[in-house]
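Below are the chains, spelled out letter by letter.
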Amino acid sequence: MTFHQLRMFAAVAKHLNVTKASEELHISQPSVSQQPKLLQEECKTKLYRKIGRGIELTDEGELLLADAQPILLQVGKIRERFTSDRKAGSLAVGGSNSQSVSFLPLLLAAFKETHPEVQLSLRTNTSREVERLVLNSEVEVGLITNPSHSTALSYELCRREKFLVFVSPSHPLAKKKELTVAQLAQAPLVFRKAKSGGSRAWDILKQVEKRGSNLNIVMDCESTEAVKTAVGAGMGLGILYHDHVEPEIKKGKLKEIRVPELNLQLDSYIIYLKEKPLSANAKDFLALLRVWPTKTRRLKSSVRVVQTRMGFSYPRNRLFKSSEQ
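Residues numbered from 1 in each chain as written. Predicted model: local features only at pLDDT ≥ 70, side-chain atom pairs only at ≥ 80, totals over all residues. Heavy atoms only, no water.

Student: Looking at this model, I keep getting lost on the overall build of the chain. Mind explaining?
Tutor: On a plain count of helices and strands, the chain comes out with 13 helices and 11 strands. The burial tally for the chain puts 46% of its 325 residues in the buried class. Of the contacts made within the chain by residues no fewer than 6 positions apart, 72% connect residues no fewer than 24 positions apart. As displayed, the chain offers around 16900 Å² of accessible surface, 50% of which is attributable to carbon and sulfur atoms. (Helix = DSSP H or I, 4+ residues; strand = E, 2+ residues; numbered from the N terminus. Buried < 20%, exposed > 50% of the residue type's maximum accessible area, 1.4 Å probe, protein only. Contact = heavy atoms within 4.5 Å. Areas by Shrake-Rupley, 256 points an atom, 1.4 Å probe, with all protein chains shown as cover.)

Student: What exactly am I supposed to notice about the packing of helix 2 (residues 18-25) against helix 3 (residues 29-43) here?
Tutor: Two numbers describe a pair of packed helices, the interaxial angle and the distance between the axes. Relative orientation of the contacting elements helix 2 and helix 3 amounts to 110°, with a least axis distance of 9 Å. The pairing of helix 2 with helix 3 is recorded here as roughly perpendicular in orientation. Crossing handedness for the pair helix 2 and helix 3: right-handed. Every residue of helix 3 that contacts helix 2 at Val 18, Thr 19, Ala 21, Ser 22 and Leu 25 is listed here: Gln 29, Val 32 and Ser 33. Residues of the contact of helix 2 with helix 3, tallied by class, amount to four nonpolar, four polar and no charged. (Axes fitted to C-alpha atoms, helices over the stretch in contact; angles between N-to-C directions. Parallel < 35°, antiparallel > 145°, perpendicular 65-115°, else oblique. Left-handed = near helix turned anticlockwise from the far one by under 90°. Nonpolar A, V, L, I, M, F, W, Y, C, P; charged D, E, K, R; others polar.)

Student: How do you make sense of the pairing of strand 9 (residues 237-241) when you look at a structure like this?
Tutor: For strand 9, a buried count of five out of five residues is recorded, marking the element as mostly surrounded by other parts of the structure. Of the pairings in the sheet, the one linking strand 7 (residues 189-192) to strand 9 comprises two bridges and is parallel in character. From the neighbouring strand, Leu 189 faces strand 9, where its bridge partner is Leu 237. (Pairing = 2+ DSSP bridges.)

Student: Just checking my understanding: could you explain the pattern of salt bridges for this structure?
Tutor: Pairing is possible between side chains that carry opposite charge, provided their charged atoms lie close to one another. In the structure shown here, the tally under the stated rule is 10 salt bridges. The closest approach of N and O atoms between Arg 132 and Glu 138, which form a salt bridge, is 3.4 Å. Taken together, the shared-partner salt bridges in this structure form one network comprising Arg 123, Glu 129, Arg 132 and Glu 138. (Salt bridge = Lys/Arg side-chain N within 4 Å of Asp/Glu carboxyl O.)

Student: When you look at the nonpolar core in this model, what are you seeing that I'm missing?
Tutor: The nonpolar side chains of soluble globular proteins are, as a tendency, buried together. Core analysis: the biggest nonpolar cluster contains 24 residues, and Phe 163, Val 165, Leu 184, Val 208, Leu 237, Val 259 and Leu 262 have the highest contact counts within it. Of all the secondary structure elements, the ones that give two or more residues to this core are strand 6 (153-167), helix 8 (181-186), strand 7, helix 9 (200-210) and strand 9. Residue contacts for Val 259: discarding those within four places in its chain leaves Val 165, Leu 179, Thr 180, Val 181 and Leu 184. (Core = buried A, V, L, I, M, F, W, Y, C linked by side-chain atoms within 4.5 Å.)

Student: How should I be thinking about a nonpolar patch on the surface in this particular structure?
Tutor: Taken together, the side chains of Val 218, Met 219 and Met 235 make up a nonpolar region of the molecular surface, amounting to roughly 220 Å² of accessible area. Position of Val 218 among the secondary structure elements: in strand 8 (residues 217-221). Look at Val 218 and you get partly exposed, because its relative accessible area is 40%. (Patch = residues over 30% accessible without salt bridge, like charges linked within 9 Å, V, L, I, M, F, W, Y side chains within 5 Å.)

Student: Quick question: what am I supposed to make of the packing of helix 1 (residues 3-15) against helix 2 here?
Tutor: Interhelical geometry of helix 1 versus helix 2 gives an angle of 125° and a closest axis separation of 8 Å. Regarding the angle of helix 1 to helix 2, the classification is oblique. Judged by the twist between their axes, the crossing of helix 1 over helix 2 is right-handed. Here Arg 7, Met 8, Ala 11, Val 12, Lys 14 and His 15 of helix 1 come into contact with helix 2, specifically with Val 18, Lys 20, Ala 21, Glu 24 and Leu 25. The residue makeup of the contact of helix 1 with helix 2, split by class, is six nonpolar, one polar and four charged.

So far we have only geometry, and geometry alone does not tell us how the molecule works.
Next comes the structure, spelled out in structure tokens:
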């Protein structure tokens, strides 16, 4: 019997509903559902029964809840006593180039509103370099798109990234709504060249080569801004992350062209050290990262929604997913 199991059981008992308990704890429904089951197996007695979409406690479940509540309350008091007087401290976060352009700065802005005294640092580099920064404890939490699956790191799926193929509105190809892979291969491409650790856009273009077509790369660039400028000047097609070009597309400065035959989606991952406990600030930021992709896409207009769902109107020492770090 663990404290984590008691906490899950108490939350489910409070709401008599796994979904609502999951939302309160900011932990996935399968995890919340599993722990009371394990607790019930260990106690070798029926603690609850399903009623429609909810549950109800048995007499034994009521007794266990009554015994568990003082324990949970006492642990909460201990956490509050030994964390409330600490200095605000700092938080270093790492992000691959794609994540650091828009997503992470906006998320850190939301975090800053609820943790105003925390000194924040954002390190930007390739996915492989961000992994190294985490391994060396130079940053606590990283967000990458090209994992090496190091055994020393924990990897959590964060969100699905989308690439866009785009062109200048004045380019002849702008008249087309979509292209075939063969047409894409024939078109002039402005490409952001790979640095150490690889290029995720290059992974997309490999799909073209595997179909037997040779790419027509007319220019490679070292930055996303250079790619957008060159494409805007009519040099050819570009391929970048959705977040990088969305503002220009909305303003009509660039135009998206669909390529239905290509898979233009790649996953991003949250990373942190397996064996080293996270600081209180890192736990809070990790909780924000976990809940963000599940409900809303645009952070600027949703900061308050995210904060409310995260319970950030409460003290910082609110219990997060600490036992799973």
